[in-house]
Amino acid sequence: MSASKSVEQNILPNDLFVGKTIFVTGGGSGINLGIARTFASLGASIGICGRSQERLDTAATGLRELGAKVSATSADVRVPEHLQAAMNASRDTIGDIDVLVCGAAGNFLVQGENLSFNGFKTVIDIDLVGSFNASRIAFEQLKRTRGSIIFITAPMAHLPHAYQAHVGPAKAGVEMLMKNLALEWGPYGIRSNSIIPGFIEDTEGMRRISSEANTGNFIQNIPLRRMGMTHEIGQAAAFLCSPLAAYITGTSLWIDGGQALSGSGFFNSNSAAFLASSTRT
Ligand code: COA
Ligand code: NAP
């Protein structure tokens, strides 16, 4: 059985999150929806928010088919009042939040010299300010449940990537927010960790940075020689929020097939070609 196939089924017990509530910002699509679906299949009730109610409704239908109770209320993470209303609605229908996933984000490729002031601010506002807003608003619920937060960051939080002068600082800020909250909220029993996905197939994030035709170049620089899948991020999130990870807080978990090890990808591929063509003296 291949590594990718082996995680499609639940390895964790099907009832692991029965009686628990997971709230996912940006949970209507992509990786975040993959996380929501994993928790739903492990028995959790699911709250999701995002800007498009239509997208949330479609996601909610799929989550209900997995057996979950769902609260799906549109909210822009940049607007605390919207987020508060969505989390109140979730609390009133499916209970206090046990796990908060801060996944809402925005990205586009642009040269630093062409990035407008508002373009920079917009990504900082969605990714970093939005993650703070969600954590701050969920705090009272998380305190009652002694819950857990997962921040979804990105490789550019740690490694500079060209044309990502907005996303790099935004996600780096989220990484530090994660650590600050682990420090401050640990005494309440609240754990705070992040997941750093690598290149995850069939996602909006990938579509915004590469064409299908270029996929081979990405895969060539991933040691495991394939992209990740949304359910693989979901399984890791479930682990981090389970009793198996009860003593893990303040940690960033790379789920990238080893891609970060290829940070100097061009150097690596160039050196490989050079080595192959050289004769040892
Ligand atoms: N290149 C350069 N600048 C861009 C851009 C692009 N592709 N897309 C948007 N911007 C700029 C806009 O020009 C604007 O700046 P300006 O006022 O100086 O012109 C600023 O960013 C805000 O754009 P706007 O469309 O008003 O923002 P929004 O709040 O409606 O949407 C985005 C936020 C821009 C991040 C949008 O792409 C989005 O909604 N993304 C969510 C989905 C996503 O990115 N998924 C992948 C997650 S990794
Ligand atoms: P996606 O499907 O576009 O997910 C982003 C979600 O956030 C969408 O559902 C979007 O819904 C929501 N959103 C955006 N702006 C919002 C706002 N202001 N308020 C509330 N919700 C908002 O893209 P994805 O690729 O799966 O990315 C998911 C997460 O993984 C992001 O945090 C991203 O940075 C991270 N990531 C992705 C990859 C990858 O390979 N795809 C790699 C590393 C990290 P609406 O538009 O309806 O609001």
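Residues numbered from 1 in each chain as written. Chains lettered and ligands numbered in written order. Predicted model: local features only at pLDDT ≥ 70, side-chain atom pairs only at ≥ 80, totals over all residues. Heavy atoms only, no water.

**Q** Whenever I open this one, the site of ligand 1 confuses me. Can you help?
**A** Inspection of the region around ligand 1 gives 15 residues, with R51, R78, N107, S116 and R208 positioned closest. R51 is positioned such that a nitrogen or oxygen atom in its side chain is 2.6 Å from an oxygen atom of ligand 1. Between an oxygen atom of ligand 1 and a side-chain N or O atom of R208, the distance comes to 2.8 Å. For ligand 1, whose accessible area on its own is 930 Å², the fraction buried by protein is 56%. Residue assignment for the shell around ligand 1 shows that the elements contributing at least two residues are α5 (117–145) and α7 (204–207). Here the element with the most residues in the shell around ligand 1 is α5; it accounts for 4 residues. (Near = heavy atom within 4 Å. Polar contact = N/O pair within 3.5 Å; in protein donor to acceptor, adjacent residues only side chain to side chain. Areas by Shrake-Rupley, 256 points an atom, 1.4 Å probe, with all protein chains shown as cover. Helix = DSSP H or I, 4+ residues; strand = E, 2+ residues; numbered from the N terminus.)

**Q** Help me understand the site of ligand 2 in this model?
**A** Near ligand 2, the surroundings consist of 29 residues, among which S29, R51, G103, T203 and G205 are the closest. Between R55 and ligand 2, the recorded distance is 3.2 Å, taken from a side-chain N or O atom to an oxygen atom. Contact distances for ligand 2 include 3.3 Å between an oxygen atom and a backbone N or O atom of G198. When isolated, ligand 2 has an accessible area of 880 Å², and the protein chains bury 90% of it. Taken together, the residues of the shell around ligand 2 sort by class into 12 nonpolar, 11 polar and 6 charged. (Nonpolar A, V, L, I, M, F, W, Y, C, P; charged D, E, K, R; others polar.)

By themselves, these figures tell us nothing about what the structure is for.
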